[in-house]
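# Residue-level structure breakdown
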Amino acid sequence: MTTTHNLASPIVFALDFPNIGSARTAANEVKSAVGMLKIGLELFVEAGREAMQMGEETGLPLFLDLKLHDIPVTVERAVARAGALGARILTVHAAGGPEMLQRAVRRAEADGNGLQITAITLLTSLDKSDLARLGVEASPAEYVRNIAKMAFESGVKSFVCSPHEVAALRQSLGETVQLIAPGVRADGAGGDDDQKRTMTASEAIANGADWVVVGRPIRDASDRLAAASAIRESCRAAQQQRQETRQETLLRQR
Ligand code: C5P
């Protein structure tokens, strides 16, 4: 077994702010404790190109969370622009279907600027009854498994899923895919255990996530750096265990 002491931070910090000034302040406060900055719809609609400069300003990769879902040619063209803006990750809805996903992945690969297409499996704001109203009989877990398989077969190697689906996707898609889990709360953050659908960051990583997306637990903390650092520390043991499991599995597969 190998031991790694310098584990990079697995935190994607969601810059959910209405203006560039407050986003920039928060990014600079926490940059030493997080591994990526997520620019979502709110900030991108407000400050687009300027927000994308935070990659260079902070030295952190940018996760552009636009959750694209459109006809294949339109998504492909947007992928080209996101890559040119310097995004490391761009999200698209897996529900856009195989051709949209293939064209997005191929365009990112062809442009060669390091952009990785990441598929949203199912919004965790949707439950079984919402799926039923969409005409989908499957449970959220079954739906996520099926749609992730389709996306994987379309060339996608990176997925966003609920922490509750991480273990199943890790098992079905293997060790080479990247799994990103939002909907986590800080370890030991007392008082919110009634939130049954959340998991701690370290639990999500122990289950197989490579990254955890964290917004409000850091954004709304009185000391953001302390909050981010505490989450990062809480993840170390689980990260180390994951790394060993991954190495062993990949070695066995050789
Ligand atoms: O809940 P929290 O404030 O930590 O959420 C942070 C981010 O995670 C938000 O930017 C939201 O867009 C994203 N998110 C997501 N999918 C979910 C839940 C949250 O992408 N299922």
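Report follows, based on the coordinates. (Residues numbered from 1 in each chain as written. Predicted model: local features only at pLDDT ≥ 70, side-chain atom pairs only at ≥ 80, totals over all residues. Heavy atoms only, no water.)

## Side note on the pairing of strand β1 (residues 11-14)
Because side chains alternate across β1, one face comprises the buried residues Ile11 and Phe13, and the other comprises Val12 and Ala14, equally buried. Strand direction decides the pairing type here: β1 and strand β2 (residues 36-39), joined by 3 bridges, are parallel. Looking at β2, one finds that Ala14 is bridged to Lys38. Traced from β1 through helix α1 (residues 20-30) to β2, the parallel crossover comes out right-handed. (Buried < 20%, exposed > 50% of the residue type's maximum accessible area, 1.4 Å probe, protein only. Helix = DSSP H or I, 4+ residues; strand = E, 2+ residues; numbered from the N terminus. Pairing = 2+ DSSP bridges. Right-handed = clockwise from strand over helix to strand, strands pointing away.)

## Structural notes on the nonpolar core
Inside soluble globular proteins, nonpolar side chains tend to come together where they are buried. Counting residues in hydrophobic clusters, the biggest one holds 67 residues, and the most contacted among them are Phe13, Leu15, Leu90, Ile117 and Phe159. Residues in contact with Leu90, not counting those within four places in the same chain, are Leu64, Leu66, Leu68, Val79, Ala82, Leu115, Gln116, Ile117 and Thr118. Counting residues in each nonpolar core, the second largest holds 10 residues, with Ala14, Met36, Phe63 and Val213 among its members. (Core = buried A, V, L, I, M, F, W, Y, C linked by side-chain atoms within 4.5 Å. Contact = heavy atoms within 4.5 Å.)

## Some details on the site of the ligand
Around the ligand lies a shell formed by Ala14, Asp16, Lys38, Lys67, Thr124, Pro182, Val213, Val214, Gly215, Arg216 and Pro217. Between the ligand and the protein, one listed contact pairs an oxygen atom with a side-chain N or O atom of Lys67 at 3.3 Å. The side chain of Thr124 places a nitrogen or oxygen atom 2.3 Å from a nitrogen atom of the ligand. Contact with the protein chains removes 77% of the 460 Å² of surface that the ligand exposes when unbound. (Near = heavy atom within 4 Å. Polar contact = N/O pair within 3.5 Å; in protein donor to acceptor, adjacent residues only side chain to side chain. Areas by Shrake-Rupley, 256 points an atom, 1.4 Å probe, with all protein chains shown as cover.)

## Let's talk about the environment of Thr58
Mapped onto the elements of the fold, Thr58 is located in helix α3 (residues 54-58). For Thr58, a relative accessible area of 13% translates into the label buried. Here the alpha-carbon distance between Thr58 and Asn19, two residues 39 residues apart in the chain, equals 17 Å. Excluding anything up to four places from it in sequence, Thr58 contacts Ala27, Asn28, Lys31 and Leu37. Here the side chain of Thr58 touches Leu60 through a polar contact of 3.2 Å, landing on its backbone nitrogen.

The analysis is restricted to geometry; functional conclusions fall outside its scope.
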